[in-house]
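Residues per chain, in single letters:
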Amino acid sequence: MSPSNTVTEKTGAHSEASTESVAAAEESWPTKDFGFLPIPRRLQYNPAKPFYFGLLLNASFGFAATFTAANLYYCQPLLIEFSKSFDVSYEEVSRIPTLVQAGYLAGLVLISPLGDLVRLRQLVILLVVVSTGLTIGLAVTNSLQVFEALTFLVGVASVTPQILMPLAADLAPPERRASALSVVLSGLMLGVLIARVLAGVIGNFTSWRAVYYMSIGVQVLVIIGAYLILPDYPSKNRDLNYFRILWSMAKYAVTEPLVIQVSIINIASSACFSGYWVTLTFLLGGPPYYYSTLIIGLFGLVGMLGVLVGPFAGRLIDKLVPWYATLIATVLLVVFQAVQTAAGGINVAAVVIACFGLDVARQSQQVSMTTRVLSMSSEARARLNAILILSQDIPAIRWAGDGNVIGAQVFVEHGWRACSAMMLALQGFQIVILLLRGPHCPRKRWFGYEGGLEARRSVVLEKEKAQISEAEKVEGDPEAQMEEPIQNGEGLESA
C-alpha cells in the first residue's frame, strides 16, 4: 500500500469520525423547551451552523424589550385613577411606582445573573409568561394590597431586556455587537416613554384596567414571537451553581477596574440625565416660557426622536474602539449640557437642541460602555450587564427621591443656570474618570495607557485574529509552548 493511500485512508477515517462526532453533538443539544415544548428545528442550537443574527431577529429583540420594560411604567400616569378605583388616598397609591421599581431591582440582582447559568431562550419565555400571568391579576383585582403585591412581582419578572442584552452580544458578530446592543437598548428606552403615553391616553378615555388588558395582549405577542423567532443557545458555566454565580457578580463589582470605572461613569451620567428631565419641567413651566403641562409633555417626543436615532449611532460605534466612542459621547454630553447652561432659560431652541443631543449622547455612551464591558467575557455577560444596569438604575431611582430634591433646591434658590452648571460639572467629572484608563489598558490595571492608542476597531480585530492564529501554531508546537508566557491572567474568570 502506498503512502498516499495510507494518508487517504487516515483522512477518510478522520472525516468519518468528525462527521459522527458532529452528529452526536447535534443529537446532544436540546430539542424541547422545559422538557415538553418542541423547539422549531431552525431555532435549535447547532454549533456547526451558527445562527444568523439578522435585522429581523434584532428588531424582535427591540420589540420584546419595549413591551416588557413598559410594564414598569404603565402605573405612573394612572395613580389618580387607582385612588378613585380602590377608594384610597393619593399617598397610599403613591407606593405603587416604588414597589414596581423595587421589584425590578430585585430581579436585576436575583434573576438577571441566571443568564450565565441556564438556557436563555427558556428563561426569556418563562419570564414573559410569568409577567403576563401577573398582569392578568393586576387587571382584575379589586384589592389594593393584592395589586401592590402583584406590582412588585411584575417588576421582578420584567428583567427580560437585561436577558436579551447579553444574548444579543452572544449572537451578534464582534463587528456588529454595538449596533445589535443599541437596538435592544433603544427598545428598552422606547418602552419607558411609550408606556406613559399609552397609559395616559387609554386611561383617559376608558379605564385603567384597559391599560393592563392591552399589556396582556402585547405580552402574548412577545411570547409567540419568542417561541417562533428566538434561537436556542446553550447554558454556560455548568460547573457553577446559583450562589457561586451571585458571589462572582459581587466580586466583579469590586475587583474589576473596567467594571468599576464604567459604573462610576454610569452613576454620574444617570444622575445628570434624571435630574435634567425633572428640572426641565420647572424651567418650562416658569418664566420666561410658562408652558402648559401638555406642551411640556411634548418635549418627551424630542427625547423619543433621540432614542430612535440610537441604532444609527450604534453602527458608528462598531467602527471604533469602544473607549473612543465613550469619549466622543461623553464630550457631546458636556457640549449639549453647556448649550442648556448657556441659553436654556433664554431661548426654547436651546432646550430642544439640548433635549435631543443629551438623549442621543447618553444612549451612545451606554451602548459603547456596555459593548466594552460585555466583551470582557462571553461566560459572564449576564452578570456584567446586571452590574452596569444596577449602577445606572439605583442612582436614577435615588434621584427620583433625594437627588431631585437637591436639584430642585438648587433650581429654586439659585436659578436654572446654576442647576444646569451643577450637572455640567458632573458631565465633566465623567471625562476625568474615563481618561484614567486608556483604550487598551490591561484588564487588571487601574490606571495607564499601555497597549497603544489605536482607535479603529477593524485594525484591533485583525490583530486579535493574528494573535489567535499564532496561539494555534504555538499549541501545536511543544517547544514553542515552553517559551510562550502564561496569559491566563488576562481572561475573566468564570467564578
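Quantities reported herein were computed from a predicted structural model and do not represent experimental measurements.

## Here's the deal with the packing of aromatic side chains
Stage number 1. Scanning the model with the defined rule gives 16 aromatic pairs in all.
Stage number 2. Residues Tyr 74 and Tyr 212 carry aromatic rings whose centres are separated by 6.4 Å and whose planes lie at 75 degrees to one another, so their mutual orientation is edge-to-face. Taken together, the residues span a long stretch of sequence, with Tyr 74 in the loop between helix 2 (55–69) and helix 3 (79–86) and Tyr 212 in helix 10 (residues 208–229) at a distance of 138 residues.
Stage number 3. Taking the relative accessible area as the measure of exposure, Tyr 212 reaches 5% and is therefore buried.

## Description of the nonpolar core
Stage number 1. Judged by nonpolar contacts, the single largest core of 89 residues is most densely connected at Phe 61, Tyr 74, Phe 82 and Tyr 212.
Stage number 2. With nine residues, the single largest contributor to this core is helix 6 (residues 120–140).
Stage number 3. Aside from chain neighbours lying at most four places away, what touches Phe 61 is Phe 53, Leu 164, Leu 167, Ala 168, Leu 171, Val 184 and Leu 230.
Stage number 4. By size, the runner-up hydrophobic cluster in this structure holds 21 residues, among which are Ala 354, Leu 358, Ala 361 and Phe 411.

## Section: helix 3
Stage number 1. Those residues of helix 3 that fall on the buried side of the exposure criterion are Phe 82, Ser 83 and Phe 86. Taken end-on, helix 3 shows its buried residues confined to a sector of 100 degrees, consistent with a single buried face.
Stage number 2. Tucked into the core, helix 3 has its buried residues touching helix 4 (90–93), helix 5 (95–110), helix 7 (144–157) and helix 10.
Stage number 3. Of the residues one or two after helix 3, Asp 87 is the one with positive phi, at around 55 degrees.

Quick notes on the rules
Residues numbered from 1 in each chain as written. Predicted model: local features only at pLDDT ≥ 70, side-chain atom pairs only at ≥ 80, totals over all residues. Heavy atoms only, no water. Phe/Tyr/Trp six-rings, centres within 6.5 Å; stacked < 30°, edge-to-face > 60°. Helix = DSSP H or I, 4+ residues; strand = E, 2+ residues; numbered from the N terminus. Buried < 20%, exposed > 50% of the residue type's maximum accessible area, 1.4 Å probe, protein only. Core = buried A, V, L, I, M, F, W, Y, C linked by side-chain atoms within 4.5 Å. Contact = heavy atoms within 4.5 Å. Arc of directions from axis to C-beta.

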